[in-house]
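# Observations on the three-dimensional arrangement
Listed below are the residues making up each chain.
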Amino acid sequence: MYPMVKNALEIKNLVEKFGDFTAVRDISFNVKEGEIFGLLGPNGAGKSTTLNLILTLLTPTSGSINLYGIDIHKEVHRAKKMIGFMTQETVVEQDLTPRQNLEIFGELYHIENIKDKIAESLKDAELTDFADYKAGSMSGGMQRRLALVRSMIQDPKIIILDEPTTGLDVQNRTALWEKIRSLNKKGITVLLTTQYLEEADALCDRIAIIDKGEIKAIGTASELKASVSSGDIVEIVTQSDATGKVASVLEDFGLSPVVKIDIVTAAIEKGEIAKFSDITKELIKENIPILGISMHLPTLDDVFIKLTGTGLRDKAEGKPQIQMRSKK
Ligand SMILES: Nc1ncnc2c1ncn2[C@@H]1O[C@H](COP(=O)(O)OP(=O)(O)OP(=O)(O)O)[C@@H](O)[C@H]1O
C-alpha cells in the first residue's frame, strides 16, 4: 500500500473579478504535499491574481482556499506563517550583506537559533563564502538565490514563487531550478508560476495550464503531452501562401492540421507513423513548396496550441494567432 499523499493546498471554485472583468474564472486545483506544482500560462492569464489570492493580498469574489485544512481568508495570520513568497520583483537590500539581509528577516519572524538558521540558509544558497560581501555587488543569480532562502527563513510549509526565473540568463535560470529542486527535496512544497515551457517541463511534478483566467488542463508533463498525441507531431515549413494546400493534404490523411504563419503541424498517433513518408510523397507529387519537414515528440507548446488555439511562445512574443482547422 502506498501512503496517502496529503493536499497542502486545496483551491475550490475560485473567482476573482475586478469590476466587470473576471481575471480568475472558477478555478479548482490541489497542490499535494511535497510536490512542485506549476501554473503555466501567458501574460495576463491570471497567474499572479491566483497567487495574490493565496497570499491573502486579494479577497476572492467567491470560492475557497484551504492550506493544510485552514481556510486562509478566515485565519490570515496562521496561514501567512505557513507561506514563503518570492517574485521576480523581490529584491534584496543592496547595501547589506547576505548575512545582514537574513538577520533582518530572522528578527522579523522571531526565529530562534538565528545564527544556525542563517548559516544553513547561506549554505542552501551557496553563498557561505560571500556572506559578508555587499549584496549589491553580487550577480543577479546570486541575489535571486539569496531572496529565495530569505523567503524561507521562517521554515514555511509551502513556498510560492511568482515567475522566479524571469529576467535571469539561461545559466542562472537552470542554477535556480537546481536550488528549488534541492529545497523541495528537503521537504518544502512548491507552487510556482511560469511562462516558460522549459521551466514547467524541467521543474514541475504537475502542471496546470492556465489561459484567460481558466484552467485548461492539469497533469504531469508526460500526461499532458500524451493527450496531444500518442505518437509524434509532424511539422511542415512551407511558404505562407501554401499552408492551405499543405493542410488539405494532411486532412486527406485523416489528420487535424494547425496552421501557424508558414508552419503546419499535426499529431500522428503511434502506429500511424508510416503516414509520414506517404505525406511527404504526396506533398512532392502535388508540387507544394516544402522548406522543411520533420517530426518531433509532443511538447508543452503543442499541448498549449491544442488547448487554447495559440502557442505559448507566440503569445509571449505577441505573434499572430494560429488557425485551427477542423477535420473535414
Ligand atoms: N487590480 C486589477 N484591476 C484590474 N484588472 C486587473 C488587476 N490585476 C490584474 N488585472 C487583470 O487581470 C488579468 C490577469 O492578470 P494577472 O496579473 O493575474 O496575469 P498573469 O498571468 O500573472 O500575467 P503576468 O505574467 O503578466 O503578471 C490581466 O488581464 C490583468 O490586466
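Read on for a plain summary of the structure. Quick caveat, the model's predicted, so the values are computed rather than measured. (Residues numbered from 1 in each chain as written. Predicted model: local features only at pLDDT ≥ 70, side-chain atom pairs only at ≥ 80, totals over all residues. Heavy atoms only, no water.)

## What about the overall build of the protein?
In terms of regular secondary structure, the protein is built from 12 helices and 15 strands. With the C-alpha coordinates aligned to their principal axes, the bounding extent of the protein is approximately 75 × 50 × 45 Å. By residue count, 48% of the 328 residues in the protein fall in the buried class. A sequence separation of at least 24 residues applies to 69% of the contacts in the protein between residues at least 6 apart. Summed over its atoms, the accessible surface of the protein is roughly 16300 Å², and 51% of this surface lies on carbon and sulfur atoms. One finds the centroid of the 41 positive side-chain charges in the protein at a distance of 2 Å from the centroid of its 47 negative side-chain charges. (Helix = DSSP H or I, 4+ residues; strand = E, 2+ residues; numbered from the N terminus. Buried < 20%, exposed > 50% of the residue type's maximum accessible area, 1.4 Å probe, protein only. Contact = heavy atoms within 4.5 Å. Areas by Shrake-Rupley, 256 points an atom, 1.4 Å probe, with all protein chains shown as cover. Lys, Arg positive; Asp, Glu negative; His and termini not counted. Charge placed at Lys NZ, Arg CZ, Asp CG, Glu CD.)

## Considerations on the sheet that holds strand β8 (residues 189-194)
The mixed open sheet is built from six strands, whose spatial order is β6-β7-β8-β3-β9-β10. Edge positions in the sheet fall to β6 (83-87) and β10 (214-219), since each has one partner strand and no second. Direction aside, neighbouring strands of the sheet carry axes that sit 15° apart on average. Pairing geometry for strand β9 (residues 206-211) and β10, over five bridges, is antiparallel. Within β10, the position partnered with Ile209 by the bridge is Ala217. (Pairing = 2+ DSSP bridges. Axes fitted to C-alpha atoms, helices over the stretch in contact; angles between N-to-C directions.)

## Some remarks on the site of the ligand
As a matter of local geometry, the ligand sits amid Phe18, Phe21, Ala23, Pro42, Asn43, Gly44, Ala45, Gly46, Lys47, Ser48, Thr49 and Glu163. Between an oxygen atom of the ligand and a side-chain N or O atom of Thr49, the distance comes to 2.6 Å. Put simply, the parts of the chain that give the shell around the ligand at least two residues each are β2 (21-32) and α1 (47-54). Per-element accounting of the shell around the ligand gives the leading share, three residues, to α1. For the shell around the ligand, the class distribution of residues is five nonpolar, five polar and two charged. (Near = heavy atom within 4 Å. Polar contact = N/O pair within 3.5 Å; in protein donor to acceptor, adjacent residues only side chain to side chain. Nonpolar A, V, L, I, M, F, W, Y, C, P; charged D, E, K, R; others polar.)

## As for the pairing of strand β11 (residues 232-238)
Among the seven residues that make up β11, five are buried, leaving the element largely enclosed by the rest of the structure. Pairing geometry for β11 and strand β13 (residues 263-268), over six bridges, is antiparallel. By the bridge assignment for β13, Glu235 is matched with Thr265. The pairing of β11 with strand β14 (residues 290-296) spans six bridges and is classified as antiparallel. Residue pairing for β14: Glu235 is matched across the bridge by Ser294.

## Digging into helix α4 (residues 114-124)
Those residues of α4 lying buried are Lys117, Ile118, Ser121, Leu122 and Asp124. The buried residues of α4 occupy an angular sector of 160° when projected down its axis, which confines them to one face. Seen from the buried face of α4, the exposed residues on the opposite side, beyond 90 degrees, are Lys115, Asp116 and Lys123. Taken together, the buried residues of α4 touch α3 (98-108), α5 (140-150) and α6 (170-185). Phi for Glu126, located one or two positions after α4, is positive at around 55°. (Arc of directions from axis to C-beta.)

## Quick notes on the pattern of salt bridges
Tallied over the entire structure, the rule returns 15 salt bridges. Between Asp155 and Lys117 there is a salt bridge, with its nearest N and O atoms 2.9 Å apart. Note that Asp155 is positioned in the loop between α5 and β7 (158-162) and Lys117 in helix α4, a separation of 38 residues in sequence. With a relative accessible area of 53%, Asp155 lands in the exposed category. Residues Glu272 and Lys275 are paired through a salt bridge, measuring 3.5 Å at the closest nitrogen-oxygen approach. (Salt bridge = Lys/Arg side-chain N within 4 Å of Asp/Glu carboxyl O.)

## Brief notes about the packing of aromatic side chains
Summed over the entire model, instances satisfying the criterion amount to two aromatic pairs. The interplanar angle of 5° and the centroid separation of 5.2 Å between the aromatic rings of Phe29 and Phe37 together place this pair among those described as stacked. Each of the two residues, Phe29 as well as Phe37, counts as buried. Here Lys157 stacks its cationic end above the ring of Tyr68, 4.7 Å away from the centre of that ring. (Phe/Tyr/Trp six-rings, centres within 6.5 Å; stacked < 30°, edge-to-face > 60°. Lys NZ or Arg CZ within 6 Å of the ring centre and 35° of its normal.)

## Details of the side chain of Asn66
For Asn66, the location among the structural elements is in strand β4 (residues 62-67). Engagement of the side chain of Asn66 in a polar contact is seen with the backbone nitrogen of Asp71, the distance being 3.4 Å. With near-sequence residues (within four places) excluded, Asn66 lies in contact with Ala8, Leu9, Glu10 and Asp71.

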